[in-house]
Amino acid sequence: MKSLVEKITEMISKSSDRDPEKMAQDVASAVNQSAILAITDPTGKVMYANEQFLSMSKYEAHELIGKNHNVVNSGHHSKEFFKNMWKSIGSGNIWRGEIKNKAKDGTYYWVDTVIVPFMNSKGKPIQYISIRWDITEKKQMEESIRDNAELYRLITENASEFIAVIDYESKFKYASPSFRKLLGYPSERLEHTDFSDIIYESDRTNTLRNVVRYSKSQRVLQFRVLKSDHTVAYMRANMYQIQDEGKYFGDHIIVMHDITEQKISEQRILDLASNDQLTTLLNRTAFRRQLYKKLEHMIEKERCLALVHLNIDRFRYVNDSLGHQAGDYLLSVVASRLKEVLGEEDIIGRISGDEFAFTLSHVQNEDEALQIAEGIRLYLQEPIRIDDEEYELSISSGMSLFPEHATKAAELVTRAEKALQKVKVEGGGSLALYEPGTVSKTLERILLENELKRSVEQEYFQLEYQPKVDLKTLELTGFEALVRWNHPDLGRIPPDRFIPLAEETKVIVPLGEWILNEALAQLHEWEEMGHTNLRMAVNFSTIQIEEDNIVETIAQALQNHHISPTQLEVELTESTFVNKDEMSEKIQQIRDLGATVAIDDFGTGYSSFSYIKELPVDTVKIDRAFIRDLDENEDSKAIVSAIVTLANTVGLNIVAEGVETKQHGEILTSLGCHEGQGYYYSRPIEPTECIFFLENRIVGIQ
């Protein structure tokens, strides 16, 4: 029999009218509204506390944010208690328990607590999410029961908790009205029922073993009970043997709390940490973790394994021409097809925007692996209907084999990626097996590198500019400069193909310097035309920021083009902040020039929340994934609202990317977002087209 969580998860996955990302946002909103929620950094410093936390602790937000969570420590628990807790969550394990806390006014309260750790790729904690439920009344009731056995009967008749008394044979001697109502059984049936009969079968042995083993000591158990309608409820129970003389002497009293909703919330929070919300596949980190376990199993069973990395060729064109909603649909179809053709033993993940990976667990040799992988690739290339038109995919795949090519997960991944890279350089649309000893730079790759370097020298690149808008006034506030490569022979080459190559070969350094100077020169030209008080956002690669002279390069460019530093915004991706300690000083030096610094695509990972307080930044750009369904789902607002509130707490400017409808803009304005950018206002355009916006200053639909 499937558990309630499994049934709900299956229902969601089969639902055609519900987006998995929306469901994740539903859970986030539901938890935020119904539970005491806090986010802390690895040291216990509070980064976020919801209204329920503030109400329960009687602290104001500014009294908690930035403070250590031990501000609510009651002194009730031993040092060993917290030592074990920190040891557990520091190792990546979920911790559950009951904690007594102290409010600001000196009163005490109890909370049923679940702490979920979020780990980086190195297995180190980056933050903890604590979910708590108020159980003060329950604890007070349990204390009363222990103090006075006779008072027990009066309490249980009127309590909302679920209470039962069972004898040494596990027969019911009493069940509270609330418990009978929960189970749906009539009183006369319970009188002739064993307690073991209502426990879910797989939990039965362990639960009854604990009853016998610890018969004279209090203990906390978790188990599932079967209701009369054949559904399951998750229960947390305090159980102990009654030692006072009286009718129930020697019997066991069980005080239960229904934690079904809590269990569902916990599962959804775990999904956020492990699953890609668009496709429901494993995310990059979770896939690597599962691959490591998979290889251990294959080594033990002495079996072969194939790892395939695949990429949707020219996926950026889909987003650019059909919009991001169509792009998301295409990704979800690819994910569905992979789940359809792969077996239950295989693992599937979405590694990045348009890259997927999966394993083949039942292959005997190289030929069989190639045949199956090619069949899957061809199936994925079958046309997909989008807006009554068929769109044909081109799929590139790279494959590595265990144990022929590698015996460690990281090496197996690297070799599959190299095989995929080889296919991409050769034009894509095929499958390649990793070839040991093959030089990574093919002739085509060398030619592309040379063309990239020559194009920088010959200035075959050009910039397009996307307007940024004040959401309240709809006034133009500035532009983001976006580079385009128009090669005279190769045609227009998408950024997702040449930017990674430029970074790998460090051509990004001279290219980035050209982009900076070109954008500032254009800004100066507009100022000469009388269009002042504009800001220009320029994207910088991590490779550029690592350059020793990057601060001097920016300062010199500003001086050469007579641009005030306050008009330049340096946009950095989250990957720039991996080594936060090394980057913080250099980023601060850029800010000291007078320029502002923005985190691009903010919110795509839980680790993002720690950046706001730890790095010297001025702006967060909320990723378009959180804006996409803002006008369709009220709970989506909770996610964006949390980011806005968090950013406003430390005085940051907030820009929303991917604004595609009027409703998006109105909702973002009501939530307190400052600026917007997206196709509703304008696509990226050439400098001559920008004149329209510069002359009108009020941005409308383009």
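Our subject is the structure that appears above.
In short, a report on the structure.

Criteria and thresholds
Residues numbered from 1 in each chain as written. Predicted model: local features only at pLDDT ≥ 70, side-chain atom pairs only at ≥ 80, totals over all residues. Heavy atoms only, no water. Pairing = 2+ DSSP bridges. Helix = DSSP H or I, 4+ residues; strand = E, 2+ residues; numbered from the N terminus. Axes fitted to C-alpha atoms, helices over the stretch in contact; angles between N-to-C directions. Contact = heavy atoms within 4.5 Å. Buried < 20%, exposed > 50% of the residue type's maximum accessible area, 1.4 Å probe, protein only.

**Brief notes about the sheet that holds strand 13 (residues 355–360)**
Right, on to step 1. The five strands are arranged 12-13-11-16-17 in an open sheet whose pairing can be described as mixed. Strands at the two margins of the open sheet, each flanked by one partner only, are strand 12 (348–352) and strand 17 (431–433). In this sheet, adjacent strand axes meet at a mean angle of 20° when their direction is disregarded.
Right, on to step 2. Pairing of strand 12 with strand 13, which is carried by four bridges, proceeds in the antiparallel orientation. Looking at the pairing, Gly-349 lines up with Ala-357 of strand 13.
Right, on to step 3. Those strands touched by helix 14 (residues 324–341) are strand 11 (305–312), strand 12 and strand 13, and its axis lies near 0° from that of strand 13.

**Some remarks on the sheet that holds strand 5 (residues 125–134)**
Right, on to step 1. Across the sheet, which stays open at both edges, the five strands sit in the order 2-1-5-4-3 with antiparallel pairing between neighbours. Only two strands of the sheet have a single partner each, and these edge strands are strand 2 (46–49) and strand 3 (95–102). Strand-to-strand, the axes of this sheet are offset by a mean angle of 30°, without reference to chain direction.
Right, on to step 2. One ladder, built from five bridges, connects strand 1 (residues 36–40) with strand 5; its direction is antiparallel. Of the residues in strand 5, the one forming a bridge with Ile-39 is Ile-129.
Right, on to step 3. Each of strand 3, strand 4 (108–119) and strand 5 touches helix 5 (residues 79–90); the most contacted strand, strand 3, lies at about 135° to it.

**Observations concerning the pairing of strand 13**
Right, on to step 1. Extensive coverage of strand 13 is indicated by the burial of six of its six residues.
Right, on to step 2. Residues Glu-355, Ala-357 and Thr-359 of strand 13 are buried on one face, and the alternating residues Phe-356, Phe-358 and Leu-360, pointing to the opposite face, are buried as well.
Right, on to step 3. Pairing analysis gives six bridges linking strand 11 to strand 13, with the strands arranged antiparallel. Opposite His-309, over in strand 13, you have Ala-357 as the bridge partner.
Right, on to step 4. Between strand 12 and the antiparallel strand that follows it, strand 13, lie two residues.

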